[in-house]
Protein chains: 2
Amino acid sequence: MKATGPQDELEEIPQDECLEILGRHSLGRVAIVVDGQPLIFPVNYAMGGRVITFRTGSGTKLSHAPGSKVCFEIDGYDSLAGAGWSVMVQGVAVDATDSFDDVSWAARAAAPWALAPGAKPFRVAIDPSEITGRRFRRRA
Amino acid sequence: MKATGPQDELEEIPQDECLEILGRHSLGRVAIVVDGQPLIFPVNYAMGGRVITFRTGSGTKLSHAPGSKVCFEIDGYDSLAGAGWSVMVQGVAVDATDSFDDVSWAARAAAPWALAPGAKPFRVAIDPSEITGRRFRRRA
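Asker: A description of the interface of chain B and chain A should follow, citing residues and the corresponding values.
Answerer: In this assembly, 38 residues from chain B lie in contact with 39 residues from chain A. Summed over both sides, the interface of chain B with chain A buries roughly 3,400 Å², with 67% coming from carbon and sulfur. When the buried area of chain B at its contact with chain A is split by residue, Ile40(B), Leu115(B) and Pro117(B) rank highest and sum to 19% of it. Taken together, the links from chain B to chain A amount to four salt bridges. Across the salt bridge formed by Arg29(B) and Glu73(A), the nearest N and O atoms sit 3.8 Å from each other. Our count for the contact surface shared by chain B and chain A stands at six residue pairs in polar contact (both at pLDDT 80 or more). Elements with a minimum of two residues in the side of chain B that touches chain A: strand 1 (9-13), strand 2 (27-34), strand 3 (37-48), strand 5 (69-78) and strand 6 (83-95) of chain B. Considering only residue class, the side of chain B that touches chain A consists of 21 nonpolar, seven polar and ten charged.

The following block contains the structure:
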């Protein structure tokens, strides 16, 4: 087992680059809190400017996310390069299905495609309050 | 854009198979709640029986996870096969660094290897209260 040494780097990803990375991906995870219990769901998302949006059916995400603090995350690890990264977005979720606020408009300008089967007539948006990221690369 | 039709399947993964899948992977995400705000962190984990365990430093995860409800999740998507899956574990986190309870013993029998740099002298365990999974395959 190789020890982690000072040659390894852990660095913060600037917010602009976090947004760029978010724009290049389409599969992430949203965490919502139901009665004090956090739950994590994978979602296919798209970006409408800084707003993250995904489609959903009439389930837990639609019942508990809107109006509440949620977290959205994407990450990746390249085992050949020994490089890992993650981007985390904190914010409040909005039911953007047919609302007329700015966040909902931004959300509806994007077109996330849900890969998982099942009717998903509703649209959830996350208005980011904080966008952070970090990455590392292990050196040989 | 292809509509989701009745030919697509979304099925639950039995708990035994969820545990088997958890045992075959080593990178997941843990969600913890800090002042009502869920946060998602990628972690390298290992299984000690049904107990999930990962190493950490003296940061947010160690300060807020132990004694609290947390969520752990892994997922995957094979774009060629059009198949996706996810496994979610709900439970209470324990600081298993040097405690003598059963969960901590089970955790310390496993050897997670943290890929991200930085000292991680502490050990967190998740005692699962609920293990669920689902998968789908899109048909042509």
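The structure having been displayed, the exposition proceeds.
Asker: Now, about helix 1 (residues 15-24) of chain A: what can you tell me, with residues and values included?
Answerer: All names here are of chain A. For helix 1, the full list of buried residues reads Cys18, Ile21 and Leu22. Down the axis of helix 1, the buried set is contained in an arc of 100°. They therefore lie on one face. Along helix 1, exposed side chains directed more than 90 degrees from the buried face belong to Asp16, Gly23 and Arg24. At its buried positions, helix 1 is contacted by strand 1 (9-13), strand 3 (37-48), strand 5 (69-78), strand 6 (83-95) and strand 7 (122-137).

Asker: A description of empty space enclosed by the protein should follow, citing residues and the corresponding values.
Answerer: Taken as a whole and assessed by the stated rule, the structure comprises one cavity of 30 Å³ or more. Looking at the largest cavity, it is lined by 21 residues, and the ones nearest its centre are Arg134(A), Phe136(A), Pro42(B), Asn44(B) and Ala116(B). Counting only elements with at least two residues in the lining of the largest cavity, the list comes to strand 5, strand 6 and strand 7 of chain A together with strand 3 and strand 4 (51-56) of chain B. Counted by class, the lining of the largest cavity contains eleven nonpolar, four polar and six charged residues.

Asker: Explain the pairing of strand 6 of chain A to me, and be specific about the residues and the numbers.
Answerer: All names here are of chain A. Pairing of strand 5 with strand 6, which is carried by ten bridges, proceeds in the antiparallel orientation. Directly across from Glu73, in strand 6, lies its bridge partner Met88. Between the end of strand 5 and the start of strand 6, which pair antiparallel, lie four residues, with Gly82 showing a positive phi angle near 65°.

Asker: Lay out the relation of the copies chain B and chain A in plain terms, naming residues and giving numbers.
Answerer: In the superposition of chain B on chain A (RMSD 0.0 Å, axial shift 0.0 Å), the rotation amounts to 180°. What the rotation and shift describe, once combined, is the action of a two-fold rotation axis. Interface overlap between copies: 100% of the residues of chain B at the interface are likewise at the interface in chain A, consistent with a symmetric, same-surface contact.

Asker: Give a description of the packing of aromatic side chains that names residues and reports values.
Answerer: If you walk through the whole model with that rule in mind, you get six aromatic pairs over all chains. Ring centres of Tyr45(A) and Phe72(A) lie 4.7 Å apart, and the angle between their planes is 70°; on these two criteria the pair is classed as edge-to-face. One end of the pair, Tyr45(A), is in strand 3; the other, Phe72(A), is in strand 5, and 27 residues separate them in sequence. Plain terms: the ring middles of Phe100(B) and Trp105(B) are 5.9 Å apart, the flat faces sit at 50° to each other, and that makes the pair tilted.

Asker: Give me the layout of surface pockets: which residues, what numbers.
Answerer: Of the voids in this model, the largest pocket is the one considered here, and its volume is about 820 Å³. Phe41(A), Pro42(A), Lys61(A), Ser86(B) and Arg134(B) are, among the 41 residues lining the largest pocket, the residues nearest its centre. Listing elements by their share of the lining of the largest pocket, those giving two or more residues are strand 3, strand 4 (51-56) and helix 2 (60-64) of chain A together with strand 1, strand 5, strand 6 and strand 7 (122-137) of chain B. With seven residues, strand 7 of chain B is the largest single contributor of residues to the lining of the largest pocket. Considered as a void within the structure, the second largest pocket measures approximately 460 Å³ in volume. What lines the second largest pocket is a set of 24 residues, among which Leu10(A), Ser86(A), Arg134(A), Phe41(B) and Lys61(B) lie closest to the centre.

Asker: Break down the pattern of salt bridges for me, citing the residues and quoting the values.
Answerer: Across all of its chains, the model carries 14 salt bridges over all chains by this definition. Glu11(A) is paired through a salt bridge with Arg135(A); the nearest N and O atoms lie 2.5 Å apart. Linking Glu11(A) in strand 1 with Arg135(A) in strand 7, this pair joins segments that are 124 residues apart in sequence. Judged by its relative accessible area of 35%, Glu11(A) is partly exposed. Of the charged contacts, one joins Arg29(B) and Asp75(A) as a salt bridge, the two residues approaching to 2.7 Å between their closest N and O atoms. With one member in each of two chains, Arg29(B) in strand 2 and Asp75(A) in strand 5 form a pair that bridges those chains.

About the thresholds
- Residues numbered from 1 in each chain as written.
- Chains lettered and ligands numbered in written order.
- Predicted model: local features only at pLDDT ≥ 70, side-chain atom pairs only at ≥ 80, totals over all residues.
- Heavy atoms only, no water.
- Contact = heavy atoms within 4.5 Å.
- Buried area = accessible area lost by both parts, 1.4 Å probe.
- Salt bridge = Lys/Arg side-chain N within 4 Å of Asp/Glu carboxyl O.
- Polar contact = N/O pair within 3.5 Å; in protein donor to acceptor, adjacent residues only side chain to side chain.
- Helix = DSSP H or I, 4+ residues; strand = E, 2+ residues; numbered from the N terminus.
- Nonpolar A, V, L, I, M, F, W, Y, C, P; charged D, E, K, R; others polar.
- Buried < 20%, exposed > 50% of the residue type's maximum accessible area, 1.4 Å probe, protein only.
- Arc of directions from axis to C-beta.
- 1 Å grid on protein atoms, 1.4 Å probe; cavity = no way out; pocket = protein on both sides within 12 Å on 5 of 7 lines; lining within 4 Å.
- Points joined across faces, edges and corners; volume = space filled by probe spheres on them.
- Pairing = 2+ DSSP bridges.
- Least-squares fit on C-alpha atoms with pLDDT ≥ 70 in both.
- Phe/Tyr/Trp six-rings, centres within 6.5 Å; stacked < 30°, edge-to-face > 60°.

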